[in-house]
Amino acid sequence: MGTSSHESYIRIVDGADTAVLMVHGIMSTPRHFDFILPYIPAHFSVCNILLDGHGGTVSDFSKTSMKKWRAQVLHHLTKLSQTHQKILVIGYSMGTLLTLELVERFPQIKAMVLLNTPLKVFVKPVMSMRSLKFSFGKVNTENPVELATYNDIGIKLTPYLWQYIPTIPRFLELLKLCRDTRPKAKSLSIPAHAYFGKKDELVSVKSALYFAYNKNVMVQVFDCTGHCYYEDTFKTAVIKSVRCFVDTLDKAKNT
């Protein structure tokens, strides 16, 4: 099970009372969740969406907006809530923010798994250098961190660097969303597991502090995990969380 390219994976099961919504990050891909998909039961609906402007060119990405992404997530949550009693949300990076800001509007959302939530952003120089290398088609496939980062890019890169200039507003919109979502993290009222990595090249580990005093959120920080590269213990913990929430929701029939 999984996505073979940068495309949505939608599986709506007739009569299912539980659905899983997955939302990837900026310039990322639904394939980010491929390691999780095998642990979603066949009788659950799955909505692993491709955000607008992703899966294509830099030009496609520059023409989208945060407004469109918000509308897209709202659309899928609305549709799922109309046909399912329970929703498990799994978000990555920006995808965690887009769902956190909507969670209060949908009582059907019963739990969340949050990966690298960017409540505070700190871009390390190594990420900027990698982005430049990737634009020129250079990637060290022997370096697992670099390869994972390259594979997580959900748009076709270009060596014509000026073509990235129109994308700048997308990142400014993201920074605003990071700031605006911080109160939502502190007040989240449903069970959630939030995961971070000390070697994250984009998200400051201080982001975890916004969940620190919320009794509904279990927070774990891993030593060797980056923004795209997940150490095995990180993946194992995330899968354990997903299976835990899946089992809980599966047992809570008609509630």
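Shown above is the structure to which this text applies.
Residues numbered from 1 in each chain as written. Predicted model: local features only at pLDDT ≥ 70, side-chain atom pairs only at ≥ 80, totals over all residues. Heavy atoms only, no water.

Draft legend 1. Structural context of the packing of helix α2 (residues 66–83) against helix α6 (residues 168–187). Remark: α2 packs on α6, axes separated minimally by 10 Å, with the N-to-C direction vectors making an angle of 55 degrees. Classified by the angle their axes make, α2 and α6 are oblique. Taken together, the residues of α6 that come into contact with α2 (itself represented by Met66, Trp69 and Arg70) are Arg170, Glu173, Leu174 and Leu177. Per-class residue counts for the contact of α2 with α6 are four nonpolar, no polar and three charged. (Axes fitted to C-alpha atoms, helices over the stretch in contact; angles between N-to-C directions. Helix = DSSP H or I, 4+ residues; strand = E, 2+ residues; numbered from the N terminus. Parallel < 35°, antiparallel > 145°, perpendicular 65-115°, else oblique. Contact = heavy atoms within 4.5 Å. Nonpolar A, V, L, I, M, F, W, Y, C, P; charged D, E, K, R; others polar.)

Draft legend 2. Expanded view of the nonpolar core. Core analysis: the largest hydrophobic core is formed by 46 residues, its most contacted members being Leu21, Met94, Leu98, Ile109, Met112 and Phe211. Apart from residues no more than four positions distant in its own chain, Met94 is found in contact with His24, Gly25, Ile26, Leu51, Met66, Trp69, Pro118, Leu174 and Leu177. Within the second largest apolar cluster, 28 residues are counted, among which are Met22, Ile90, Phe222 and Val246. (Core = buried A, V, L, I, M, F, W, Y, C linked by side-chain atoms within 4.5 Å. Buried < 20%, exposed > 50% of the residue type's maximum accessible area, 1.4 Å probe, protein only.)

Draft legend 3. Layout of the pairing of strand β3 (residues 45–49). Most of β3 sits inside the fold, with five of its five residues counted as buried. Here β3 shows two buried faces, one formed by Ser45, Cys47 and Ile49 and the other by Val46 and Asn48. Note that strand β1 (residues 9–11) and β3 share three bridges and pair antiparallel. From the neighbouring strand, Ile10 faces β3, where its bridge partner is Cys47. Strand direction decides the pairing type here: strand β2 (residues 18–23) and β3, joined by five bridges, are parallel. (Pairing = 2+ DSSP bridges.)

Keep in mind that these numbers describe shape and distance, not what the molecule does.
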